[in-house]
Protein chains: 2
Amino acid sequence: ADFVKAMSVTESACAHAVAARSKASAQKFAESHGIKKVHDSYEALVNDPDIDVVYIGSVADTHYKLAKMCLEAKKPTLVEKPLALNYDEAKLLVDLAREQDVFFMEGMWSRFFPAMKKARSIVDAGGIGDIVCVQGDFGWNTKDCTPDDRMWNPLSGGMSYDIAMYLAMLGQVGYRGATVKNVHAVCPNKRNGMDQTILANVFFDKPDDLVGSLQMFVTGQANTEERTMIQGTRGRITITPPAHTPSNISVNYDTGRGESRQEFHDYPLPDDSWAQWNYPRSIGFAYQIQEVNECIQHDLKESEHFTLDDSLQLAYIMDEILEQIGHEGWMEDKEKRNAAKNA
Amino acid sequence: ADFVKAMSVTESACAHAVAARSKASAQKFAESHGIKKVHDSYEALVNDPDIDVVYIGSVADTHYKLAKMCLEAKKPTLVEKPLALNYDEAKLLVDLAREQDVFFMEGMWSRFFPAMKKARSIVDAGGIGDIVCVQGDFGWNTKDCTPDDRMWNPLSGGMSYDIAMYLAMLGQVGYRGATVKNVHAVCPNKRNGMDQTILANVFFDKPDDLVGSLQMFVTGQANTEERTMIQGTRGRITITPPAHTPSNISVNYDTGRGESRQEFHDYPLPDDSWAQWNYPRSIGFAYQIQEVNECIQHDLKESEHFTLDDSLQLAYIMDEILEQIGHEGWMEDKEKRNAAKNA
């Protein structure tokens, strides 16, 4: 719903049609958001020639199947993160998109905020030297979640699936194009069988035999500050909370131990006072929607700010985290996939 | 030198005598700091009845031997951190101090700053709920260190021995009296064979089957912000940089996701403009010196703010880190100790 609202601040995008598991709920959604057309099924929507791009915003465990359907129909597709629940399926989708030569993107909206792009451009230009560490925290308190909350869904619940990916992608802000060397993840606390706190370190191979570090703290036990810091040999960038929807960054250029020259870069979000939002700062979806528009207008099959290789790398990091913390849904799913491979 | 200067702001402490490896250097030191008495040897100083407490501020690999000498002479002793270069020797010293029933303390000066004590008291009173994670960074750029710098000393060099202990002790600020469950440490980058960047997670067993996390980022590749954050289920404390010599903290009491009520607690350091310091904020040694005075005046054998058990826990954490990152000096030393045990 927030995504559709955010569309209206862009110049060239509008929601043309909607489909859902039941036509009734699709109709209800269409009415409350002023969407003209309601399709009987996902298939019908995918085959609607008036639709330029499909946005898949359904629950995570349906992403793979629906994205596959879209890509097979050669329909440009934006799928909400995660692309799929594991690397294998993410890889199948990316391969399919490339084979079909159709636009495909994972909705990692944080990457398209101007503040995040600015942080990345400063890093890429060497403004703060070689990156030594990227640190981020992200957490919200799940204590009031009802038993039917997505948080406790055995297949895709826990803080891993909910928010760890936001922190995993920060490594790509600090180490563009670097390969993952290894991942160490620990889940010291579970609740209802689901991972609550996760501490993970990801290491990236860089040129000159250097290794870049990403230090993640993810929790469902507390509302954290949600701050991200990119530490380079000549300075640091702090992505101001809330770092997954940033509107400004501060840059400290090193002038000595405990001393630095500070610069601020502000990118205020569009006015969002005209709408009710499910989540604060959802207006920021507009940046991602603009990116999709631009890619399609320029006939690009993927975005340079968040490539399909970036998506695959995140899926790889997430797989490592999910396996190392022993996420039960992921483990069961892995066994099933292995059994299918060996059958 | 900074330690002796800081003494002069305390009411009841003064440097009475000094000894060094050579009498000439002891004499030079005494002259520049107005110390009346110069001893021919460490033994002579330890046996001087006019001395109430000995401060061992020599290089780290001499701490064990000198502290042992002091304790055997039943002399109250403050030894600069680290107590020893490994857990085994730290344990021998602590056991000896308790056997001799004499005051003994490791000079972990950060723990005596009023801002650090305040952070601890808020945590202990449950002000920010159960602690979920403690995060800290500490780093300074070693690129200009000359080849003879202590940094490259094979026995006690690297960032592990230099500053990791400051971060290791933060767990004790968040989890007073908790036992260490396990430690995970990785050193992705070395320089001249010495550990430069270390990422370590320490987990503490807490009541109610909870596990507390400590996330450390230590580096010799960059001047970092040096910020510490203690995240609880109902709020967080930020120890303002530089966190190893803090003069203020901010406390955010959780009022919802992304929302909090903020409080500041300021504890300005004493005026230090009257002296030249080797390191900024060294005037803060005065807090530790006051603590030693108070303990001795009250006939206490250890400080409640940094107990000998705290020291042993730090030595244990450091041992784990040094072993896991493969610190060459520590590994060699371990082999020697094992050989001695088996002989």
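Analysis parameters
- Residues numbered from 1 in each chain as written.
- Chains lettered and ligands numbered in written order.
- Predicted model: local features only at pLDDT ≥ 70, side-chain atom pairs only at ≥ 80, totals over all residues.
- Heavy atoms only, no water.
- UniProt positions renumbered as here; feature names shortened; annotations may be inferred.
- Helix = DSSP H or I, 4+ residues; strand = E, 2+ residues; numbered from the N terminus.
- Buried < 20%, exposed > 50% of the residue type's maximum accessible area, 1.4 Å probe, protein only.
- Domains from an automatic or database assignment.
- Contact = heavy atoms within 4.5 Å.
- Buried area = accessible area lost by both parts, 1.4 Å probe.
- Salt bridge = Lys/Arg side-chain N within 4 Å of Asp/Glu carboxyl O.
- Polar contact = N/O pair within 3.5 Å; in protein donor to acceptor, adjacent residues only side chain to side chain.
- Nonpolar A, V, L, I, M, F, W, Y, C, P; charged D, E, K, R; others polar.
- Pairing = 2+ DSSP bridges.
- Axes fitted to C-alpha atoms, helices over the stretch in contact; angles between N-to-C directions.

Enquirer: Mind showing me how you'd approach the UniProt feature "domain: GFO/IDH/MocA-like oxidoreductase" (unreviewed entry) in chain A here?
Expert: With numbering aligned to this structure, UniProt lists the feature "domain: GFO/IDH/MocA-like oxidoreductase" (unreviewed entry) at residues 117–237 of chain A. A distance of 12 Å separates the end C-alpha atoms of residues 117–237 of chain A, which is 20% helix and 42% strand.

Enquirer: How do you make sense of unusual backbone geometry when you look at a structure like this?
Expert: Glycine aside, negative phi is the norm for most residues, and most peptide bonds take the trans geometry. The linkage connecting Lys81(A) with the following residue, Pro82(A), adopts the cis geometry, with an omega of -5 degrees. Residue Pro242(B) is bonded to the preceding Pro241(B) through a cis peptide linkage, with omega at -10 degrees. For Pro242(B), the position within the fold is in the loop between strand E11 (235–239) and strand E12 (248–256). The phi dihedral of Lys74(B) falls on the positive side, at around 55 degrees, and the residue is not glycine. Backbone geometry at Glu226(B) places phi at a positive 65 degrees, although glycine is not the residue there. You can see Glu226(B) is positioned in the loop between strand E9 (211–219) and strand E10 (228–232). Judged by relative accessible area, Glu226(B) falls into the buried class, the value being 7%.

Enquirer: How do you make sense of the domain arrangement of chain A when you look at a structure like this?
Expert: One widely used convention gives an interface's size as the accessible area the parts lose upon coming together. All names here are of chain A. If you check the domain split of chain A, you get domain 1 (2–109) and domain 2 (114–266). With centres defined by C-alpha atoms, the gap from domain 1 to domain 2 works out at 28 Å. With 8 residues of domain 1 at the contact, the number on the domain 2 side is 9 residues. Both faces combined, the contact of domain 1 with domain 2 buries some 770 Å², and carbon together with sulfur accounts for 71% of it. For domain 1, the biggest contributors to the area lost against domain 2 are Leu85, Met108 and Trp109; these three give 60% of the whole. The interface formed by domain 1 and domain 2 holds 0 salt bridges in total. One can count 3 residue pairs in polar contact (both at pLDDT 80 or more) joining domain 1 with domain 2. Class assignment of the residues belonging to the side of domain 1 that touches domain 2 gives a composition of 5 nonpolar, no polar and 3 charged.

Enquirer: Could you clarify how one ought to interpret the interface of chain A and chain B in this entry?
Expert: With 41 residues of chain A in contact, the opposing surface of chain B contributes 41 residues. Buried surface at the junction of chain A and chain B, both sides included, amounts to about 3,300 Å², of which 53% is carbon and sulfur. Our count for the chain A to chain B interface comes out at 2 salt bridges. The closest approach of N and O atoms between Glu225(A) and Arg227(B), which form a salt bridge, is 3.0 Å. In this structure, the connection of chain A to chain B is made through 12 residue pairs in polar contact (both at pLDDT 80 or more). Here the side of chain A that touches chain B gets 7 residues from one element, more than from any other, and that element is strand E9 (residues 211–219) of chain A. For the side of chain A that touches chain B, a count of residues per class yields 16 nonpolar, 18 polar and 7 charged.

Enquirer: What should I look at first to understand the side chain of Gln172(A) in this one?
Expert: Residue and element names in this part refer to chain A. By the secondary structure assignment, Gln172 is in helix H8 (residues 170–174). Taking relative accessible area as the criterion, Gln172 reaches 1% and is therefore assigned buried. In this structure the side chain of Gln172 is engaged in a polar contact, spanning 2.8 Å, whose partner is the side chain of Arg111.

Enquirer: I keep staring at the sheet that holds E10(B) and nothing clicks. Help me out?
Expert: Paired through backbone hydrogen bonds, the strands of a sheet run either parallel or antiparallel to each other. All names here are of chain B. Taking strand neighbours across the sheet as the criterion, the 8 strands line up as E7-E8-E9-E6-E10-E11-E12-E13 in an open arrangement whose pairing is mixed. A strand with exactly one partner marks an edge of an open sheet, and here the two such strands are strand E7 (179–191) and strand E13 (259–266). Taking each pair of neighbouring strands and ignoring which way they run, the sheet shows an average axis angle of 15 degrees. Taken together, the 7 bridges between strand E6 (residues 131–139) and E9 define a ladder with parallel strand orientation. What sits directly across from Val134, in E9, is Leu214. In the packing of helix H7 (residues 158–168) onto the sheet, the strands contacted are E6, strand E8 (194–205) and E9, and the crossing angle to E9 comes to about 145 degrees. Packing against the sheet, helix H10 (residues 308–324) makes contact with E7, E8 and E9, and its axis sits at approximately 40 degrees to E7.

Enquirer: Is there a simple way to explain the pattern of salt bridges in this structure?
Expert: Side chains that differ in sign of charge can pair as their charged atoms come close. This model, assessed by the stated rule, comprises 39 salt bridges over all chains. Residues joined in a network through salt bridges with shared partners are Asp88(A), Asp333(A), Arg337(A) and Lys341(A).

Enquirer: What is the right way to read the environment of Asp271(A) from this model?
Expert: All names here are of chain A. Its place among the elements puts Asp271 in the loop between strand E13 (259–266) and helix H9 (285–297). The exposure class assigned to Asp271 is exposed, which follows from its relative accessible area of 53%. Side chain to side chain, Asp271 and Ser273 meet in a polar contact 2.8 Å long.

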